[in-house]
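# Structural features, examined
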Amino acid sequence: MDISFRWLSDYIAHGRSPDELAHALTMGGLEVESVTPRGPASEGVVIGHVNTVRAHPDADKLVLCDVDVGSNGPLQIVCGAPNVEAGQRVPVATVGTTLRMPDGDTRVPFTLEEVELRGEASQGMICSAHELELSDDHEGILVLPDDAPVGTPLADYLATQGLALTDYVLDIAITPNRPDAVSHIGVARDVAALTQHAVRRPDVDYPREDSDAPPFTVAVEAPDACPRYVGLRVTGITVEESPDWLKQRLTAVGLRPRNAVVDVTNYVMYECGQPLHAFDYDRLRGPAIRVRQAEGGESFTTLDHVARDVPAGTLLICDADKPVALAGIMGGANSEVTDSTTDLLIESAYFDPVTIRKAAKALQLATDSSYRFERGVDADGQVWAAFRAAALITELAGGTIDPDGFVDAHPRPQEPLILNLRVARVAHLLGTALPADTLTQILSALGFRVAAAGEGVLRCEVPLFRPDVRQEVDLIEEVARIYGYDQIPTPGHTRIPTHTPQALPSTMLRAQARTVLTGTGYREAFTNSMLRKETAERFNQPPLGGAKAGATVETLNPISREMAALRPTLLPGLLDVLQFNHNHGQEALHFFELGHVFRQDADGGSVVSGYAEHEALLVASSGPVGTTAWDQTPRSADVFDVKGVIEALLQELRVPDVAMTAVYEPTDVTQHHLTITAQGAPIGMIATLTADLTAAYDLEQEVCIAELDWAAIVALAAPHLERRPTPVQRYPVVERDLAVVVDAATPAGAMLDVIRATGAPLLKAADVFDVYQGEGIPEGQKSLAFTLRLGADRTLTDAEVDAQMEAIVKALRSTFDAELRR
Amino acid sequence: MLDRIDELRDELTDVSLNTLEEAEDFRITYLGQRSGIITNLFKKIGQVAPEDRPTVGKQLNALKQRAEAIHQEARDRLEREDEAEPPNVDLTLPGRTPRVGSVHPLAQTLRDITRLFERFGFSVAEGPEIEDDWHNFTALNFPPEHPARDMQDTFFVEPPEGPRNGVVLRTHTSPVQIRVLENTAPPVRIIAPGRVYRNEAISYKSFCLFHQVEGLYVDEGVTLGDLKQMLRTFAEAFFGDDVQMRFRPSYFPFTEPSAEVDIWWADPEHPDGGRWMEILGSGMVHPNVLDAVGVDPERYTGYAFGMGVERIAMLRYGIDDIRTFYENDVRFLQQF
């Protein structure tokens, strides 16, 4: 919210510069986001008297003026304005003054120098109101009244006339708990407490009681939504333009001046925080005011001339026949003040915050008025505001306040809340003891009525303009912010718990995974969790999704279609990363990401029922792998690179009983894939993506990926985080190679399984070291060479090893028809 | 014969062998099987008077050993020199470089923040990103229809009008406070790192999601002074011991009193030489929050804080566009 520095000074003499004031407010809880100077730099502009006007010898449209500016004799100024005359008092920009001169739609700084114009010296400039940024009037120079004191700085003179040449606008970020601060007087109250000065609220005369026989009636039919409705009639006005001082103030806080009546209602709202509305009294049928809630199905044209469907529950201000305003939000076109209006009904009400908020949201219409009502205006400020506005209107637009035209319908009066503040509790929460005197002084300055109520307890009456203060702790915050958070001492020591917390298994395992993956050349990526619904659905298919996996989750109010759904898998995000980097010239594309994935879950849910959410790990690889060297031909990643890194990772994390099953049937997304289980339960998959998908992401090399259910892996691996090494075997290990010829379709994995099963317990390790097809091997067959390591807790004899090898060969022969290769 | 031996012994003292060829010539000349000078002397030993033979034989053997030693020494020396010649390899060729990956800067910053607080006895807690209204708002003292709900532009998965009053993408990590306090009696000292979502226009300074680290400490006798101290320790650890920091009043529904922390950020281009940058929000846990989870607010007090990881990473790394973190450009990532 914009606060005018000069306007604020009407209510408090704080003696601070704009920057000092901004700092004080910020440190007191009203954060000033910016301080913006407004108006021209007026330094150097003084009031001059035009002594004489002479013809310019060399120019028809220019004249020479001798201007008295109070010192150093008259200045000769060349002037081209048609209205310049001897005897005028005029604003003179002296040499050295910087003005922001109009240049098209903008203004550019221009510093005056002594110049010659057509051979005649000019020692300054007589200014128009436009050049001084006082108004749009550029039809000649600004002529000041005859009593304007010659030689006085223009700014000082204007200030005496209630016009400010310069001002500063403080943009304050008002937090939702401070409805009291959405006005100049409200901010002044904080300044008063912070600087220990007093607030001066303008004096307003108003009667103690409302009128006995008002000319109009007020019927509040929804007292909970409208606890108070004040109506005040003003008669005999003439609607005119506002004076400059009023326009200037409204402009300073970002409002557009309209006419004196509307401008005054806005002015009073920005002054005290009470939104007002002025009806054209003669256009109210009855004349009567009815306050009721809409039942739905009504249409209403607001004064911005938009016809709106009024949602049920919206509070309406009606006359005898029809709605005339959306209460607390906007008035109606049918009762708007026009140039011909003579009589007004000023509305000053307290509307229920939730009612106004719901209506404004449903109507999607947020106004200065709704903003204040939904936060809660001063429940005791209606009468003052109505009479303040009425007084200003009669001052500016003539007319009179109707002595019988004051109605204060107050069906639900609010009583001030009484809170007890324990002096000791303040110290308990803040960590520093503040004496009761200090507490009393701060709270009193903020408008609370404080009295002692027993030993160490203060009885505090909360003013109605502070609806946010509901509990003792709220009082403690009030005290702390005015006392100054920076004044609260920081202890020199800190308490540490007596037990050392253990890192979460998930944290430790993530760190291990990052070490393995970055050590093998993968870069971590962070991608958006939100993506197109179509993309989410495309990837939520087997093998990444699947029949049992739930549907994708969507947000009801996405930023755009591009971000309508939540990712069911990390793959689309990383494919974008691969594509982006490929398009920026990268060839080696190896990434991983750890992040949450989401699906619907009709049967249960991970935490919030109905939604399955878990952390996943995705690894994606495309392009050159291995070391880069001048004597090696680069090789592109294939599925065995990804499989290898996943095997290494699962082994490093000690995930038990890992098994992989090959699936050769292609899917929309994969050419082929491996499903991974641990202890029989699925934990992820490894795949080569289809050529179509690869091409769709502009990628030239095969893309291989693995996605793991990280949550499942954490559960499996957590028990193994604590290492229990077995003693290193001291007896020699025997290494034997075994080459067999089998049908080319025989899976190596199955053969390894048989070798391991048959070789136990002596066989300690088995691996494939060669796969060969070609010369020397019959057509349709292949040679597989295994390296086997055997050992025990003793030295094995040749006979033992031979017998074990014999058994393995026999098993391979009977299971796979394998022949020893000789 | 003895004279000849003496003569040869003198001769050997002057021998200087500088190449392997010279060493071989030396061997053939003196020790050659057929016509070596010393070999020939052995052949003539029969001509020596029998009583002199032991002396001559002894001296001749000594001479032979000396010649052999000279030869052997020369060979060893020259072979070593030979080997020490520049090998046929260009050591200036580049090494074979393994590919090395990188940890994302946000993960590094999250890790560093976590480690710091772990040293002060905080343990890590985690929570879901899809949250219900209770944990994200109501239990945190955001009453329904309160303007405070407008402070955080919310993505809804289920509407607020629905049976559960709304299911949302969590707007902050604060719901983890509630999840922990629902299940753990004080003292509680946790941090909750995680991803949060805001329905805001994407620009250089805001993204539709970001990461937060939430902190919560509930115990007997926890004060605002303790909070200030913890946060000063944090700011000094991350931004240097000479960091200028200010602690100013603010508003969050779930803390009272509430505070925001700014640090002074030097910026030579700025007219004031720098500006205050907000790094986190904090405050004393609101009694309504403690009530909501069944903790007695008269007995226990606590503080909570929450910081934006991207904001802190941007400051510590000098990055001015938050979207950089989500672009994942290798040329950016490889610098971490």
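Per-chain numbering applies: the sequence of each chain, read as written, is numbered from 1 onward. Here every chain gets a letter starting at A, and every ligand a number starting at 1, in the order they are written. Given that this is a predicted model, residues contribute local features only at a pLDDT of at least 70 and side-chain atom pairs are listed and counted only at 80 or more, while totals for whole chains, interfaces and linings are drawn from all residues. Calculation of side-chain values draws on the structure's entire complement of heavy atoms; hydrogens and water are dropped beforehand.

## A closer look at the pairing of strand E5 (residues 75-79) of chain A
Residues and elements named next belong to chain A. Using the following cut-off: For every residue, the accessible area (1.4 Å probe, protein chains only) is compared with the maximum for its type, and the residue is labelled buried under 20%, exposed over 50%, or partly exposed between those bounds. A run of H or I in DSSP counts as a helix once it spans at least four residues, and a run of E counts as a strand once it spans at least two, with each numbered from the N terminus. When DSSP finds two or more bridges between a pair of strands, those strands are recorded as paired.
The element E5 is largely enclosed, with a buried count of five among its five residues. Burial along E5 is two-sided: the face carrying Leu75, Ile77 and Cys79 and the face carrying Gln76 and Val78 are both buried. As defined by bridge partners, strand E4 (residues 59-68) adjoins E5 across five bridges and the pair is classed as antiparallel. Residue pairing in the sheet places Asp66 in a bridge with Gln76 of E5.

## Details of the packing of aromatic side chains
All names here are of chain B. As a reminder of what qualifies: In this analysis, rings of Phe, Tyr and Trp, with Trp reduced to its six-membered ring, are considered paired at centre separations within 6.5 Å, and the interplanar angle assigns stacked below 30 degrees, edge-to-face beyond 60, and tilted for intermediate values.
Under the definition given, this model contains 26 aromatic pairs over all chains. Here the aromatic rings of Phe122 and Phe305 are separated by 6.3 Å at their centres, their planes lie at 65 degrees, and the arrangement is edge-to-face. In this pair, Phe122 is assigned in the loop between helix H5 (105-119) and strand E1 (123-124) and Phe305 in strand E10 (residues 301-308), connecting sequence segments 183 residues apart. Here Phe122 matches Phe305 in class, with each residue buried. Joined through ring pairs, the aromatic side chains of Phe117, Phe122, Tyr217, Phe234, Phe238, Phe239, Trp265, Tyr303 and Phe305 make up one cluster.

## Considering helix H13 (residues 505-519) of chain A
Residue and element names in this part refer to chain A. Filter applied, for reference: Working rule for helices: expected span equals 1.5 Å times residues minus one.
Relative to the 21 Å expected for 15 residues at 1.5 Å per residue, H13 spans 21 Å between its end C-alpha atoms, a close match to the ideal helical length. Residues Ser506, Leu509, Arg510, Ala513, Arg514, Val516, Leu517 and Thr518 constitute the buried set of H13. Of the residues trailing H13, Gly521 is marked for its positive phi of about 95 degrees.

## Here we look at the nonpolar core
Most often, soluble globular proteins keep nonpolar side chains buried together rather than apart. Worth spelling out the cut-off: Among buried residues, those of type Ala, Val, Leu, Ile, Met, Phe, Trp, Tyr and Cys that are joined through side-chain atoms within 4.5 Å constitute a nonpolar core. Residues count as neighbours in contact if any of their non-hydrogen atoms are within 4.5 Å of one another.
If you look at the biggest cluster of nonpolar residues, it comprises 114 residues, and the most contacted ones within it are A:Leu575, B:Phe117 and B:Phe234. The dominant element in this core, judged by the number of residues it contributes, is helix H8 (residues 224-239) of chain B, at eight residues. In this structure, B:Phe234 is in contact with B:Ile113, B:Leu116, B:Phe117, B:Ile279, B:Leu280, B:Met307 and B:Ile312, ignoring residues within four places of it in sequence. In terms of nonpolar packing, the next biggest core, distinct from the first, is built from 56 residues, A:Leu30, A:Val191, A:Leu232 and A:Phe406 among them.

## As for the domain arrangement of chain A
Put simply, the rule is: Each domain's extent was defined by an automatic or database domain assignment.
Here chain A is described as being made up of domain 1 (2-39 + 167-195), domain 2 (45-160), domain 3 (217-409), domain 4 (418-483), domain 5 (505-720) and domain 6 (734-820). The straight-line distance from the C-alpha centre of domain 4 of chain A to that of domain 5 of chain A is 57 Å.

## Points about unusual backbone geometry
Residue and element names in this part refer to chain A. With an omega of -15 degrees, the peptide bond running from Gly286 to Pro287 counts as cis. Here Pro287 shows up in the loop between strand E15 (276-280) and strand E16 (288-293). Looking along the chain, the bond that leaves Ala760 and enters Pro761 is cis, with omega of 0 degrees. Tracing the chain through its elements places Pro761 in the loop between helix H19 (748-759) and strand E39 (763-772). Despite not being glycine, His305 has its phi angle at roughly 65 degrees, a positive value. By secondary structure assignment, the location of His305 is in the loop between strand E17 (298-301) and strand E18 (307-310). Phi is positive for Gln679, close to 50 degrees, though the residue is something other than glycine. On the accessibility criterion, Gln679 (52% relative accessible area) is exposed.

## Focus on the sheet that holds E5(A)
Residue and element names in this part refer to chain A. Our working rule: Orientation is described by lines fitted to C-alpha atoms, with helices fitted over the stretch in contact, and by angles between N-to-C directions that extend from 0 to 180 degrees.
Strand order across the open sheet formed by five strands is E5-E4-E3-E6-E11, with antiparallel pairing between neighbours. The open sheet is flanked by E5 and strand E11 (124-126), the only strands paired with a single partner. Within this sheet the neighbouring strands show an average axis-to-axis angle of 45 degrees, counted without direction. As judged from the seven bridges shared by strand E3 (residues 45-56) and E4, these two strands associate in the antiparallel manner. Across the sheet, Arg54 pairs through a bridge with Leu64, a residue of E4.

## A short note on the sheet that holds strand E2 (residues 130-132) of chain B
All names here are of chain B. Strand order across the open sheet formed by three strands is E2-E4-E3, with antiparallel pairing between neighbours. Two strands close off the open sheet at either side, each with one partner strand: E2 and strand E3 (156-158). The average angle at which neighbouring strand axes cross in this sheet is 35 degrees, direction not considered. Judged from the two bridges that link them, E3 and strand E4 (residues 167-169) form a sheet pairing that is antiparallel. Counterpart to Glu158 in the pairing with E4 is Val167.

## Here's the deal with the confidence of the model for chain A
Stated precisely, the cut-off is as follows: Here pLDDT means the predictor's own confidence in every residue, given as a number from 0 to 100.
Here chain A shows a mean pLDDT of 92. Residues at 70 or above account for 98%. At the level of individual helices and strands, chain A shows its lowest average pLDDT in strand E8 (residues 106-111) of chain A, which scores 78, and its highest in strand E27 (residues 523-524) of chain A, which scores 98.

## Considerations on the interface of chain B and chain A
How we decide: The term buried area means the drop in 1.4 Å probe accessible area that two parts suffer when joined, counted for both and summed. Definition used for salt bridges: Asp or Glu carboxyl oxygen within 4 Å of a side-chain nitrogen of Lys or Arg. Two N or O atoms count as a polar contact when they lie within 3.5 Å, although within protein this holds only if one can serve as hydrogen donor and the other as acceptor, and sequence-adjacent residues are included solely when both atoms are side-chain atoms. Amino acids are sorted into nonpolar (Ala, Val, Leu, Ile, Met, Phe, Trp, Tyr, Cys and Pro), charged (Asp, Glu, Lys and Arg) and polar (every other residue, Gly among them).
With 93 residues of chain B in contact, the opposing surface of chain A contributes 94 residues. Counting each side, the surface lost to burial between chain B and chain A is near 7900 Å², with a carbon and sulfur contribution of 56%. Here chain B and chain A share six salt bridges between them. In this structure, B:Glu298 engages A:Arg425 in a salt bridge whose closest nitrogen and oxygen atoms are separated by 4.0 Å. The tally of links between chain B and chain A comes to 41 residue pairs in polar contact (both at pLDDT 80 or more). Taken together, the residues of the side of chain B that touches chain A break down into 41 nonpolar, 23 polar and 29 charged.

## Things to note about the pattern of salt bridges
Residues and elements named next belong to chain A. Across all of its chains, the model carries 62 salt bridges over all chains by this definition. The salt bridge partner of Arg178 is Asp190, with a shortest N-O separation of 3.0 Å. With Arg178 in the loop between strand E12 (167-173) and helix H4 (184-195) and Asp190 in helix H4, this pair connects stretches of sequence that are twelve residues apart. This pair shows no difference in class: Arg178 is buried, exactly as Asp190 is. Ionic pairing is found between Arg308 and Asp304, a salt bridge with its closest N-O pair at 2.7 Å. On the accessibility criterion, Arg308 (12% relative accessible area) is buried. When salt bridges with common partners are traced through the structure, they connect Arg178, Asp180, Asp190, Arg466, Asp468, Glu478 and Arg481 into a single cluster.

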